[in-house]
Amino acid sequence: MNIFEIEIGALLIWVCIFGNSVAGEGLTPAQEKQAYFSAQMQKNQEFARMDEYARVALALRTNAPYSDRLNAIWSLADNPTAHVDALESLMADPNRDLRIAAIEVIDPIQPGLAWKEAKSVLREAVAQSTNSVASIDNYIFKTIEFLARTGDGSGFPLLSRLLLQSPLYTDRYIAMISLRGFFYLQELKPYTLLVDFIDQNLCELNSADMQTRQEAYRLLAYAAAQLSGLHAVETIPDFKRWLNDPRAQTLHSKFESNLHELEAIQARLDAGGPDERDAIKQIPGVTPAWKLPTAVRD
């Protein structure tokens, strides 16, 4: 089964369903939605039946759809040792999202190579970035988070700049997500970025512009959740300070619930329990990146 047959199979479903529309029987929104999901389901089923070498060929085919290539790369994680040559080729692909995917797939068996290539991607990103903080491609966040999971915090300054200076909602939101990779890098104090972000943006909750208020609410609520997800007990005094800030009235319940979580974590530490942030220490280029713990929120 090759990718052309997969794409033709999915297309046939659309042709059959939309044939009714040509005949004068217009599709309802529900029928259009069902047609889309039916086509996607068949495509996924056909992809699952492809052997791994067909998936390698698909991953390497530069004119194949991006999503198909990405799925093919991730499928190689089941047996990366057998496809090292292909993965090494993909780590030089012009599409940096695909490069990062190949880096993560090869990481468990060649952590040194994966780390070296990720550092190269980050260096390129830093060289291309400007002080004006334009919109950042998603691959940069993925690279920073991957490096942090290997114990390399070299992307922290760029992440800090994006979170605290970018005017774009998506940049700030994804930067917060990327901080989850710093769970075990206590020495960098990743929680300080979120504290600074909350202090910097509380005033936006009272903006005259509704969109600004709504975006601020979502970002500030997520920042608070990330602090408890990162087990940042150091920020308990900050939460108490925010709860007494009149500007944070609309977020009172969010701040209070996350404060309670942090206080519960602090109580366990005070009782002699281990600090989970000390559980894993990575050596960049030597140990593979760890899987994200369930305690760290997405």
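Remember, predicted model here, so these are calculated numbers, not experimental data.

Enquirer: Help me get a handle on the overall build of the chain, residues and values and all.
Expert: Counting its regular elements, the chain contains 14 helices and 0 strands. Each of the 298 residues in the chain was classed as buried or not, and the buried ones make up 46%. When contacts within the chain are restricted to residue pairs at least 6 apart in sequence, those whose partners lie at least 24 apart make up 69%. Summing over all exposed atoms, the chain offers an accessible surface of approximately 15,000 Å²; the carbon and sulfur share of this is 54%.

Enquirer: Talk me through the side chain of Thr143; I want residue IDs and the actual numbers.
Expert: In this structure, Thr143 sits in helix 8 (residues 138–149). Here the side chain of Thr143 touches Tyr139 through a polar contact of 2.7 Å, landing on its backbone oxygen. When near neighbours in sequence (up to four residues on either side) are disregarded, Thr143 contacts Ile100, Ala118, Val121 and Leu122.

Enquirer: Lay out the packing of aromatic side chains with the relevant residues and their values.
Expert: Tallied over the entire structure, the rule returns 7 aromatic pairs. Both rings, one in Tyr173 and one in Tyr222, keep their centres 5.0 Å apart while their planes meet at 40 degrees; by these two values the pair is tilted. Here Tyr173, found in helix 10 (residues 169–178), pairs with Tyr222, found in helix 12 (residues 210–229); they are 49 residues apart in sequence, far enough to count as distant. An aromatic cluster is built from Tyr169, Tyr173 and Tyr222, whose rings are joined through pairwise contacts.

Enquirer: An account of unusual backbone geometry is requested, with residue identities and associated values reported.
Expert: Within the chain, Lys189 stands out as a residue other than glycine whose phi angle is a positive 50 degrees. Among the structural elements, Lys189 can be located in the loop between helix 10 and helix 11 (191–201). Owing to a relative accessible area of 45%, Lys189 belongs among the partly exposed residues under this scheme. The residue His231 is not glycine, and still its phi comes out positive at about 60 degrees. By the element assignment, His231 lies in the loop between helix 12 and helix 13 (236–243).

Enquirer: How would you sum up the packing of helix 10 against helix 12? Please name residues and give values.
Expert: In contact at an axis separation of 10 Å, helix 10 and helix 12 are set at 10 degrees when each is read in the N-to-C sense. On the basis of their axis angle, the class for helix 10 and helix 12 is roughly parallel. Of the residues in helix 12, those in contact with Tyr169, Arg172, Tyr173, Met176 and Ile177 of helix 10 are Glu215, Arg218, Leu219, Tyr222, Ala223 and Gln226. Grouping the amino acids of the contact of helix 10 with helix 12 by side-chain chemistry returns 7 nonpolar, 1 polar and 3 charged.

Enquirer: Kindly report on helix 14 (residues 252–270), identifying the contributing residues and their values.
Expert: Spanning 19 residues, helix 14 covers 26 Å between terminal C-alpha atoms, matching the ideal 27 Å at 1.5 Å per step. For helix 14, the set of buried residues is Phe255, Asn258, Leu259, Leu262 and Ile265. In a view along the axis of helix 14, the buried residues occupy a sector of 120 degrees, so they form one face of it. Contacts made by the buried residues of helix 14 are with helix 11, helix 12 and helix 13. Taken from the residues just after helix 14, Gly272 is the one with a positive phi, measuring 100 degrees.

Enquirer: Tell me about the side chain of Thr150, residues and numbers included.
Expert: The topology assignment puts Thr150 in the loop between helix 8 and helix 9 (156–165). Within the structure, the side chain of Thr150 is placed 2.6 Å from the backbone oxygen of Leu147, a separation counted as a polar contact. The residues contacting Thr150, other than those within four sequence positions of it, are Trp115, Gln282, Ile283, Pro284 and Ala289.

Enquirer: So what's going on with empty space enclosed by the protein? Residues and values would help.
Expert: Within the structure shown, the criterion is met by 1 cavity of 30 Å³ or more. Here the largest cavity is characterised by a volume of approximately 60 Å³. Lining of the largest cavity is provided by Phe182, Phe183, Gln186, Pro190, Tyr191, Leu230, Ala232 and Arg277. Broken down by class, the residue content of the lining of the largest cavity amounts to 6 nonpolar, 1 polar and 1 charged.

Enquirer: Explain the environment of Val84 to me, using residue names and the numbers behind them.
Expert: If you trace the backbone, Val84 turns up in helix 5 (residues 84–90). Aside from chain neighbours lying at most four places away, what touches Val84 is Ile106, Ile109 and Gln110.

Enquirer: Could you give an account of the pattern of salt bridges, naming the residues involved and the relevant values?
Expert: In total, this model carries 13 salt bridges according to the counting rule given. One salt bridge connects Glu145 with Arg180, and the closest N-O pair in it is separated by 2.6 Å. In this pair, Glu145 sits in helix 8 while Arg180 sits in the loop between helix 10 and helix 11, placing the two residues 35 residues apart along the sequence. Here the two residues Glu145 and Arg180 agree in accessibility, since each one is buried.

Parameters and conventions
Residues numbered from 1 in each chain as written. Predicted model: local features only at pLDDT ≥ 70, side-chain atom pairs only at ≥ 80, totals over all residues. Heavy atoms only, no water. Helix = DSSP H or I, 4+ residues; strand = E, 2+ residues; numbered from the N terminus. Buried < 20%, exposed > 50% of the residue type's maximum accessible area, 1.4 Å probe, protein only. Contact = heavy atoms within 4.5 Å. Areas by Shrake-Rupley, 256 points an atom, 1.4 Å probe, with all protein chains shown as cover. Polar contact = N/O pair within 3.5 Å; in protein donor to acceptor, adjacent residues only side chain to side chain. Phe/Tyr/Trp six-rings, centres within 6.5 Å; stacked < 30°, edge-to-face > 60°. Axes fitted to C-alpha atoms, helices over the stretch in contact; angles between N-to-C directions. Parallel < 35°, antiparallel > 145°, perpendicular 65-115°, else oblique. Nonpolar A, V, L, I, M, F, W, Y, C, P; charged D, E, K, R; others polar. Expected span 1.5 Å × (residues − 1). Arc of directions from axis to C-beta. 1 Å grid on protein atoms, 1.4 Å probe; cavity = no way out; pocket = protein on both sides within 12 Å on 5 of 7 lines; lining within 4 Å. Points joined across faces, edges and corners; volume = space filled by probe spheres on them. Salt bridge = Lys/Arg side-chain N within 4 Å of Asp/Glu carboxyl O.

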